[in-house]
Amino acid sequence: MSAPAPPWLTVDRAVVSIALVYPMRGPAGMFGPTCELCAQLAAEEINRCGGVLGREVRLVPVDGGAPPAEVAAEVEALVSVGAVQGVTGWHISSVRQALAPRVAHRVPYVYTALYEGGERTEGVFLTSETPDAQLWPAMRLLAAEQGVRRWFVVGNDYVWPRRTSRAAQRYALRGGGQVVGRHFLPLDAHDFTEVLRRIEHSDADAVLMLLVGADAVRFNRAFARSGLDQRCLRLSTLMDENMLLASGAGATRRLYSTAGFFAGLVTQENLDFHGEFARRFGVEAPPLGSLGESCYEGVMLLAALIGQARTLDVRAIETAADTVAYHGPRGRLRLRQRHVRQRIYLAEADGLDFTVLAQL
């Protein structure tokens, strides 16, 4: 006898099912649990308020850490059989680029990861930070206050780090500095010998880290062991509290991060979010951070888009998108040209926590 089909493969007209695409493996898998819980919290809050179009929101998990073509094929299959009516989640840009052309014209797709900018596919909506609003102001502030002039870029070898690296080169020149070297590593990198040697010989005074999850953790540890943290500060646009904890306090000296959310931000919205998260999942839940929290934003925005358009039709949703606003841990946010506009902050690691230094 064959096993029964998973419940999300049965089309239920009383439910709005959303594919939640987040990493369950690979270097980004370390913050997958936080992604899942934050999205679940958002769905439960929406359902307590009557759901979407009077229907319950249900999340359908998809492993966004699989190869991009596999992720795209799985989500497209779910869309094709009517098992999901929307897509959201944190996953790397390679996955987004494989997924968007196959589903975004059929169901709304809210992408929550910070990314390289420039996404124009119809039906794709973005809650994420982009280099112009995130990286450039941070580089400018560190140049002014820390005297940073010589940047070395280290990143994983795919579209987000490579395109962001090119933007960083423009920003460095604009601020009177320069990028003195770049080095790209495959995902799931373990050997940093060559890149650390190149950084040392470059006379860089800052390293821009464009590494994902566990790769950034391993780089932080190797960087500290090499003693380069005595000479160079590090700036990352993808570094949350989970990654700090995994790096260890001895590997976070002079490490800066820029993001739209930090767990330590003292705002009423953030305090409320922490309270709800702790009440629902307990004090032993994975630490909150910007990457996991983005999945809360994604579910909330997707519900707001559908609610404002009063339909699941992606064309109608696209038409109404610029009138959409919603509330979350990052405050009250609005869409403009399908991107969420939000406050961005610069923080410095203090052991295993971030201290927010400035709003950029």
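Residues numbered from 1 in each chain as written. Predicted model: local features only at pLDDT ≥ 70, side-chain atom pairs only at ≥ 80, totals over all residues. Heavy atoms only, no water.

1. Comments concerning the overall build of the protein
The number of helices and strands found in the protein is eleven helices and 15 strands. Over its C-alpha trace the protein gives a radius of gyration of 20 Å, about what one expects of a compact globule, namely 21 Å for 360 residues. For the C-alpha atoms alone, the extent of the protein along its principal axes is close to 60 × 45 × 40 Å. Across the 360 residues that make up the protein, the buried fraction comes to 57%. Expressed as a percentage of contacts within the protein between residues at least 6 apart in sequence, the contacts between residues at least 24 apart total 69%. One way to put it: in the protein the 38 positive side-chain charges average out to a point 6 Å from where the 38 negative ones average out. (Helix = DSSP H or I, 4+ residues; strand = E, 2+ residues; numbered from the N terminus. Rg over C-alpha atoms; globule rule 2.2 N^0.38 Å. Buried < 20%, exposed > 50% of the residue type's maximum accessible area, 1.4 Å probe, protein only. Contact = heavy atoms within 4.5 Å. Lys, Arg positive; Asp, Glu negative; His and termini not counted. Charge placed at Lys NZ, Arg CZ, Asp CG, Glu CD.)

2. A few points about the environment of Ser80
Residue position: Ser80 is located in helix H2 (residues 68–80). Expressed as a C-alpha distance, the spacing of Ser80 and Arg106, which sit 26 residues apart in the sequence, is 8.9 Å. A polar atom in the side chain of Ser80 sits 3.0 Å from the side chain of Arg106. (Polar contact = N/O pair within 3.5 Å; in protein donor to acceptor, adjacent residues only side chain to side chain.)

3. A word on the nonpolar core
Looking at soluble globular proteins, one finds that nonpolar side chains tend to be buried together. In this structure, Val75, Trp90, Trp151, Phe219 and Leu235 are the most contacted members of the largest nonpolar core, which totals 128 residues. For this core, the element with the most residues is helix H10 (residues 290–309), which contributes twelve residues. (Core = buried A, V, L, I, M, F, W, Y, C linked by side-chain atoms within 4.5 Å.)

4. Thoughts on the pattern of salt bridges
Inspection of the entire model under this criterion finds 16 salt bridges. Arg96 is the partner of Glu116 in a salt bridge, and the nearest nitrogen-oxygen pair spans 2.8 Å. Of this pair, Glu116 sits in the loop between strand S4 (109–111) and strand S5 (124–126) while Arg96 sits in helix H3 (residues 93–103), and the two are 20 residues apart along the sequence. Grouping residues by exposure puts Glu116 and Arg96 together as buried. One continuous salt-bridge network, built from bridges that share partners, spans Glu129, Glu293, Glu297 and Arg330. (Salt bridge = Lys/Arg side-chain N within 4 Å of Asp/Glu carboxyl O.)

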